[in-house]
Amino acid sequence: MQNLAPIALFVYNRPDHTRRTLACLQKNLLAQESRLFIFSDGAKTAADKDKVYEVRALVKDITGFKSVKMIARKENMGLANSIIGGVTQLVNEFGKVIVFEDDLLSSPYTLQYFNESLDKYEQDNAVMHIGAYMFGLDDKTLPETFFHHIATSWGWATWARAWKNFEPDIDKLIGQFDRQKIQKFSIDGTMNFWKQMQQFKAGKNNSWAIRWYASVFLKGGLTLNPSHSLVHNIGHDGTGVHSNIENMYGVNIAPKPVKYFPVEIKENQKAHQAIKRFLKNRKGSLLQRGMRLVKQWQIKYVGKK
């Protein structure tokens, strides 16, 4: 692998999360051969300024990579516009990109997985997205990697050829769905992806990820995924702008490199059923859901007093 993909890291106002994310990236086998681009969004409010500057001071002297460049935004673009702009910039320059946010812990083999996948499927137009995160699936007989139509956003990679299909206009996306597509898009009704689309249209969220997933889905694109996650999200602690306090998506990171990549470019039906089972049961019993809501309320409101 002579032509490694650049890494785009998007940061804002969480120095502790950023420090942990970078520490894991530095331990990756290909870190010293990889270019790192850190996109630091401008402060949205006066209260955020100190933390934004703290993050920028932290990343200013980062070493352990082939090169490090920080793109410090003067204004607040918001996460969606920041990611869309940064990804577009890098795929236009390098033809591919690996994308991280500031709350993702990675395996030492995550960059290796991304780069091998990007090389292996570069000419397969049906493959549009490489994901590094995977839910805690119950089927332990799945292959190390598999194809599916879901596009996870916690550590991912793509090519310029695929990213050119990204459609930011929610009306154009929604207009291409019928009832059958909605059912498949939402993994047979087990996940609220279609609700996220409607919420975006209503101005209740500003998700780039749901529009990217919809863009991939409507093109009939496939995504490569590990059966054992190579990334763990530490942002579900109430600090994230777009995340709740919950642990249902927590995983143990795979401790070894990925050796198997599917030859047949086709959705894995066993993996699909495992994903559907996880999503259907992820919230647990009514008692477990109630206890989780109480805990979230305590942390969010009581803990701040």
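What you see is a predicted model; the values in this text were computed from it and never measured.

Undergrad: Teacher, can you tell me more about helix H1 (residues 15-26) here?
TA: Residues spaced three or four apart along an α-helix point in a common direction, a consequence of the helix completing one turn every 3.6 residues. For H1, which comprises 12 residues, the first-to-last C-alpha distance of 16 Å matches the rise-based estimate of 16 Å (1.5 Å per residue) to within 8%. Along H1, the residues classified as buried are Pro15, His17, Thr18, Thr21, Leu22, Cys24 and Leu25. Looking at the buried residues of H1, the elements they touch are strand E1 (7-11), strand E2 (35-40), helix H2 (49-60), strand E4 (96-101), strand E5 (104-106) and helix H4 (110-120).

Undergrad: What exactly am I supposed to notice about the pairing of strand E3 (residues 67-72) here?
TA: Two elements, E2 and E3, share six bridges in a ladder whose sense is parallel. Following the sheet pairing, Arg35 is matched in E3 by Ser67. With H2 bridging E2 and the parallel E3, this β-α-β connection has right-handed handedness.

Undergrad: In this structure, what is going on with the pattern of salt bridges? I would like to understand it.
TA: Any two side chains of opposite charge can pair, on the condition that their charged atoms come close. A complete count under the given rule lists nine salt bridges for this structure. For Asp103, the salt bridge identified is with Arg14, shortest N-O distance 3.0 Å. Of this pair, Asp103 sits in the loop between E4 and E5 while Arg14 sits in the loop between E1 and H1, and the two are 89 residues apart along the sequence. By relative accessible area, Asp103 is classed as buried at 7%. Between Asp171 and Lys201 there is a salt bridge whose closest N-O contact spans 2.5 Å. One end of the pair, Asp171, is in helix H6 (residues 170-174); the other, Lys201, is in helix H8 (residues 193-201), and 30 residues separate them in sequence. Exposure remark for Asp171: the relative accessible area of 45% places this residue in the partly exposed category. Among the charged side chains, a salt-bridge network with shared partners connects Arg14, Asp102 and Asp103.

Undergrad: Please clarify how the nonpolar core should be interpreted in this entry.
TA: Soluble, globular proteins show a tendency: their nonpolar side chains are buried together. Phe100, Phe135 and Phe185 are the most contacted members of the largest nonpolar core, which has 89 residues in total. The element that contributes the greatest number of residues to this core is helix H9 (residues 208-218), accounting for eight residues. With residues near it in sequence (within four places) discarded, Phe135 still touches Ile150, Tyr249, Val251, Ile275, Phe278 and Leu279.

Undergrad: Any chance you could explain the side chain of Ser106 here in plain terms?
TA: Here Ser106 is to be found in strand E5. A distance of 3.3 Å separates the side chain of Ser106 from the side chain of Asn28, its partner in a polar contact. Residue contacts for Ser106: discarding those within four places in its chain leaves Cys24, Leu25, Asn28, Phe100, Leu230, Val231 and Ile253.

Undergrad: I keep staring at the packing of H1 against H2 and nothing clicks. Help me out?
TA: Geometrically, a packed helix pair is captured by the angle between its two axes and the distance between the axes. Contact geometry of H1 with H2 gives a least axis separation of 9 Å together with a crossing angle of 20°. In terms of axis orientation, H1 runs roughly parallel to H2. Crossing geometry of H1 relative to H2 is assigned as right-handed. Along its contact with H1, which presents Pro15, Thr18, Arg19 and Leu22, the element H2 presents Lys51, Glu54, Val55, Leu58 and Val59. Among the residues making up the contact of H1 with H2, the classes are represented as five nonpolar, one polar and three charged.

Undergrad: When you look at the sheet that holds strand E7 (residues 145-148) in this model, what are you seeing that I'm missing?
TA: Note: strands within a sheet are paired through backbone hydrogen bonds, in either parallel or antiparallel orientation. The eight strands are arranged E3-E2-E1-E4-E8-E6-E9-E7 in an open sheet whose pairing can be described as mixed. Because the sheet does not close on itself, it has two edges, and the strands there are E3 and E7. Neighbour-to-neighbour, the strand axes of this sheet turn through a mean angle of 25°, independent of strand direction. H1 contacts E1, E2 and E4 of the sheet and is inclined by roughly 165° relative to E1.

Rules of the game
- Residues numbered from 1 in each chain as written.
- Predicted model: local features only at pLDDT ≥ 70, side-chain atom pairs only at ≥ 80, totals over all residues.
- Heavy atoms only, no water.
- Helix = DSSP H or I, 4+ residues; strand = E, 2+ residues; numbered from the N terminus.
- Expected span 1.5 Å × (residues − 1).
- Buried < 20%, exposed > 50% of the residue type's maximum accessible area, 1.4 Å probe, protein only.
- Contact = heavy atoms within 4.5 Å.
- Pairing = 2+ DSSP bridges.
- Right-handed = clockwise from strand over helix to strand, strands pointing away.
- Salt bridge = Lys/Arg side-chain N within 4 Å of Asp/Glu carboxyl O.
- Core = buried A, V, L, I, M, F, W, Y, C linked by side-chain atoms within 4.5 Å.
- Polar contact = N/O pair within 3.5 Å; in protein donor to acceptor, adjacent residues only side chain to side chain.
- Axes fitted to C-alpha atoms, helices over the stretch in contact; angles between N-to-C directions.
- Parallel < 35°, antiparallel > 145°, perpendicular 65-115°, else oblique.
- Left-handed = near helix turned anticlockwise from the far one by under 90°.
- Nonpolar A, V, L, I, M, F, W, Y, C, P; charged D, E, K, R; others polar.

These figures come from the coordinates and say nothing about function on their own.
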